[in-house]
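# Close look at the chain arrangement
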Amino acid sequence: MGAVRKFDTKVQHLKYKVLREVARLKWENKLLENVLDIPRRIVPGKTPTMRCCVYKERAILAERVKVAMGGDPEEKGVIHVIDIACDECPAAGYEVTDSCRGCLAHRCEDVCRRGAISFDHNHVAHIDKTKCVECGQCAKVCPFAAIVNRTRPCQAACKVKAISINADNAAHIDQDKCTSCGACVYQCPFGAITDKSSILQVIDLLKSGRKVHAVVAPSISSQFTHAKMGQVVTGLKMLGFADVVEAALGADMVALDEAQELYEKGFLTSSCCPAFVQYIRTQFPDLAQHISHNLSPMGRIAQYLKEQDGYSGVVFIGPCTAKKAEARTDEVGKYVDAVLTFEELQALFDSRDLEITALEEGQLDDASYFGRIFARTGGLSEAVRQALKEKGLEDFALKAVSCDGIEECRTALLKKSRNVLDANFIEGMACVGGCIGGAGCLTHGVKHRSDVDRHGSDSSHATIMGAVDALNK
């Protein structure tokens, strides 16, 4: 089916193949009796393609199958480490390389306050890991740049420092710090870190006979680019969804409500990105009082749909692994039944042998330009500015700071905590680029911003209120 071309990496493709096979068997009501055969289906021969031997390869695939089936319900968090797959990265920390010339200056030894540097008979430096505190001073003073910091990709990706290395040399996630952003999932070159899937739950919903709404994130405009948006809509309906609703309509509602709240309170941090919200609550609890009381666009449109028909099901489909954690909360879980990423949606399509490029085009509910551009950094601030204008609150001087990635979020929050932030609204996006940089995307790239803007420009509504009014008619 040419699925390789639809993903950035082979790790994503492997994850997709597991999800596809799990879903295919679930549709056929043959999962339980065939679940152990899935690793052999993916690696049918005796020649390993990824690991040292086919037996380890299949053992890891068996663990991937468990995660694809939802993982351990007792395990906290939605991001999971497959320990058996996490053993190929070199030990993290500062190390002395072959570039060490055994010089006489010994600046590395002089600067180390912990006595962690010693020398062998060739005067080559060595670092005692039991004493080293990773301060990096030795690396700074080495004239040959012979001391380097080997940071594991997952640790480098995790800007909230929720990942450490356990005694078995595998990654460990501190769930109290983790924001579920999924950056480690995308960056792990061995696919040892992954997000738990609700794909089986979604199939059960679709087979239940209930009306099920598919709520698609506006960043979908930057995905499935091998097909047309209308073909994706038709594909969703062929899977069994009763209708396809834009989460951007929820974004329109949020923009109006958030503008009002900002006007009344004078300062606000956005509530649209669940990873950003969680980051504030765990790292800057004193600022939690400033988090907007509005639901995220996902939560808001799901609330609207449930109010229309409480028996119906709502499945959010987007780029975000943190949405899976948000859907577990008491506040949002009563409206959202399950969350799928774009990766999982591709697997769902192919589990039913749906080639969406061959389908006719369906109609997607029409949100405003401003609701649709929530998908990229800066879009929310533009929407709030527009909402203030439409609500006649133009006397409020919006001074927004749009944070592109969690590091910029941290900088803005630090400034606010020290009362030196020259802004009255913080738009926080945990992923660089915004939602278009989410871990659950099929592909990642800077061009996606223009895809989102183009999708926004296709809207027939010139105003936010126009889109909301049309929905309520």
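Each remark here, short or long, concerns the structure printed above.
Quick summary incoming for the structure in this document. Nothing here was measured: the structure is a model prediction, and the numbers come from that model. (Residues numbered from 1 in each chain as written. Predicted model: local features only at pLDDT ≥ 70, side-chain atom pairs only at ≥ 80, totals over all residues. Heavy atoms only, no water.)

## With respect to the overall build of the chain
Secondary structure summary: the chain contains 21 helices and 15 strands in total. Whereas a compact globule of 473 residues would reach a radius of gyration of roughly 23 Å, the chain reaches 24 Å, a difference of no more than 12%. Reported as C-alpha extents along the three principal axes, the dimensions of the chain are approximately 85 × 65 × 35 Å. Of all 473 residues assigned to the chain, the portion counted as buried reaches 55%. (Helix = DSSP H or I, 4+ residues; strand = E, 2+ residues; numbered from the N terminus. Rg over C-alpha atoms; globule rule 2.2 N^0.38 Å. Buried < 20%, exposed > 50% of the residue type's maximum accessible area, 1.4 Å probe, protein only.)

## Some points on the packing of aromatic side chains
Using the criterion set out here, one finds 6 aromatic pairs in the structure. Taking 5.2 Å as the distance between ring centres and 85° as the angle between the ring planes, the aromatic pair formed by Tyr-369 and Phe-370 counts as edge-to-face. Under the relative-accessibility criterion, Phe-370 is labelled buried at 15%. By the ring-pair criterion, three or more aromatic residues cluster together here, those being Phe-224, Phe-342 and Phe-349. Over the aromatic face of Tyr-311 sits the side chain of Arg-210, whose NZ or CZ is 5.1 Å from the ring centroid. The positively charged end of Lys-323 is found above the aromatic ring belonging to Phe-316, 5.9 Å away from the centroid. (Phe/Tyr/Trp six-rings, centres within 6.5 Å; stacked < 30°, edge-to-face > 60°. Lys NZ or Arg CZ within 6 Å of the ring centre and 35° of its normal.)

## Focus on the packing of helix H1 (residues 10-27) against helix H4 (residues 54-68)
Packing of H1 against H4 brings their axes to within 9 Å, and their N-to-C directions diverge by 60°. Between H1 and H4 lies a crossing whose hand is right-handed. Note on element contacts: H4 touches H1 through Leu-61, Arg-64, Val-65 and Ala-68, opposite Leu-14, Val-18, Leu-19 and Val-22. In the contact of H1 with H4, the residues fall into 7 nonpolar, no polar and 1 charged. (Axes fitted to C-alpha atoms, helices over the stretch in contact; angles between N-to-C directions. Left-handed = near helix turned anticlockwise from the far one by under 90°. Contact = heavy atoms within 4.5 Å. Nonpolar A, V, L, I, M, F, W, Y, C, P; charged D, E, K, R; others polar.)

## Comments concerning unusual backbone geometry
Phi is positive for His-106, which is not a glycine, with a value near 50°. If you trace the backbone, His-106 turns up in the loop between strand E2 (93-96) and helix H5 (107-111). For Asp-353, which is not glycine, the phi dihedral falls at a positive 55°.

## Regarding H4
Across its 15 residues, H4 extends 20 Å between first and last C-alpha, which sits within 8% of the 21 Å expected from 1.5 Å per residue. For H4, the secondary structure elements touched by its buried residues are H1, helix H3 (38-42), strand E1 (79-81), strand E8 (193-195) and helix H9 (199-207). (Expected span 1.5 Å × (residues − 1).)

## Side note on the sheet that holds strand E14 (residues 400-404)
Here 3 strands make up an open sheet; going across it, the order is E11-E15-E14 and the pairing parallel. Each edge of the open sheet carries a strand with a single partner, namely strand E11 (268-269) and E14. Those strands touched by helix H18 (residues 379-390) are E14 and strand E15 (425-429), and its axis lies near 145° from that of E15. (Pairing = 2+ DSSP bridges.)

## So, the pattern of salt bridges
In the structure shown here, the tally under the stated rule is 25 salt bridges. The salt bridge partner of Glu-75 is Lys-196, with a shortest N-O separation of 3.0 Å. With Glu-75 in the loop between H4 and E1 and Lys-196 in the loop between E8 and H9, this residue pair connects regions lying 121 residues apart in the sequence. The class of Lys-196 is buried, set by a relative accessible area of 4%. Look at the salt bridges and you will find they share partners, linking Lys-15, Asp-195, Lys-324, Glu-343 and Glu-344 into a network. (Salt bridge = Lys/Arg side-chain N within 4 Å of Asp/Glu carboxyl O.)

## Structural notes on the nonpolar core
Counting 93 residues, the largest nonpolar core has Leu-236, Leu-239, Phe-241 and Ile-317 as the members making the most contacts within it. For this core, the element with the most residues is helix H11 (residues 247-265), which contributes 10 residues. Discounting residues that sit within four places of it in the chain, Phe-241 has contacts with Val-202, Leu-206, Val-212, His-213, Ala-214, Leu-236, Val-315 and Ile-317. Listed in part, the 42 residues of the second largest apolar core include Ile-79, Cys-273, Leu-413 and Ile-426. (Core = buried A, V, L, I, M, F, W, Y, C linked by side-chain atoms within 4.5 Å.)

## Structural notes on H1
For H1, spanning 18 residues, the distance from its first C-alpha to its last is 25 Å, which sits close to the expected 26 Å at 1.5 Å a residue. Of all 18 residues that make up H1, 15 are buried, and the element is covered over most of its length.

## Quick notes on the environment of Gly-445
Within the fold, Gly-445 resides in the loop between E15 and helix H20 (448-457). Overall, Gly-445 belongs to the partly exposed group, its relative accessible area being 30%. Distance from Gly-445 to Ser-222, taken between C-alpha atoms, is 9.2 Å for residues 223 residues apart in sequence.

## Brief notes about a positive patch on the surface
A cluster of basic side chains, namely Lys-159, Lys-161, Lys-177, Arg-410 and Arg-418, defines a positive patch on the protein surface. For Arg-410, the position within the fold is in helix H19 (residues 406-417). (Patch = residues over 30% accessible without salt bridge, like charges linked within 9 Å, V, L, I, M, F, W, Y side chains within 5 Å. Areas by Shrake-Rupley, 256 points an atom, 1.4 Å probe, with all protein chains shown as cover. Lys, Arg positive; Asp, Glu negative; His and termini not counted. Charge placed at Lys NZ, Arg CZ, Asp CG, Glu CD.)

## Quick word on the sheet that holds strand E10 (residues 243-246)
As summarised here, the arrangement of the 4 strands in space is E10-E9-E12-E13, forming an open sheet in which the pairing is parallel. Of all strands in the sheet, those with a lone pairing partner are E10 and strand E13 (338-341), marking the two edges. Averaged over all neighbouring strand pairs, the angle between strand axes comes to 25°, with direction disregarded. Pairing between strand E12 (residues 313-318) and E13: 4 bridges, direction parallel. The partner of Gly-318 across the bridge, within E13, is Thr-341. Where helix H13 (residues 297-308) meets the sheet, it contacts strand E9 (212-216), E10, E12 and E13, and its direction lies at approximately 155° from that of E12.

## Some thoughts on the state of the cysteines
Cysteine pairs can be covalently joined through their sulfur atoms, and such a bond is termed a disulfide. Tallying each qualifying case throughout the model produces 0 disulfides. Cys-100 takes part in no disulfide bond, and the closest cysteine sulfur, belonging to Cys-142, lies 6.5 Å away. Note on Cys-272: no disulfide assigned, nearest cysteine sulfur contributed by Cys-435 at a separation of 8.2 Å. (Disulfide = S-S within 2.5 Å.)

## Things to note about the environment of Asn-424
With respect to the helices and strands, the residue Asn-424 is situated in the loop between H19 and E15. C-alpha of Asn-424 to C-alpha of Thr-463: the two residues are 39 residues apart in sequence and 24 Å apart in space. Once residues lying within four places of it in the same chain are set aside, the contact partners of Asn-424 are Leu-262, Gly-266, Phe-267, Leu-268, Phe-396, Ala-397, Leu-398, Lys-399 and Ala-400.

## Re the side chain of Lys-416
Relative to the elements of secondary structure, Lys-416 occurs in helix H19. Buried charged residue Lys-416 carries no salt bridge. Nearest counter-charge: Asp-422, at 10 Å. Those residues in contact with Lys-416, other than ones at most four positions away along the chain, are Phe-267, Leu-287, His-290, Leu-421 and Ile-426.

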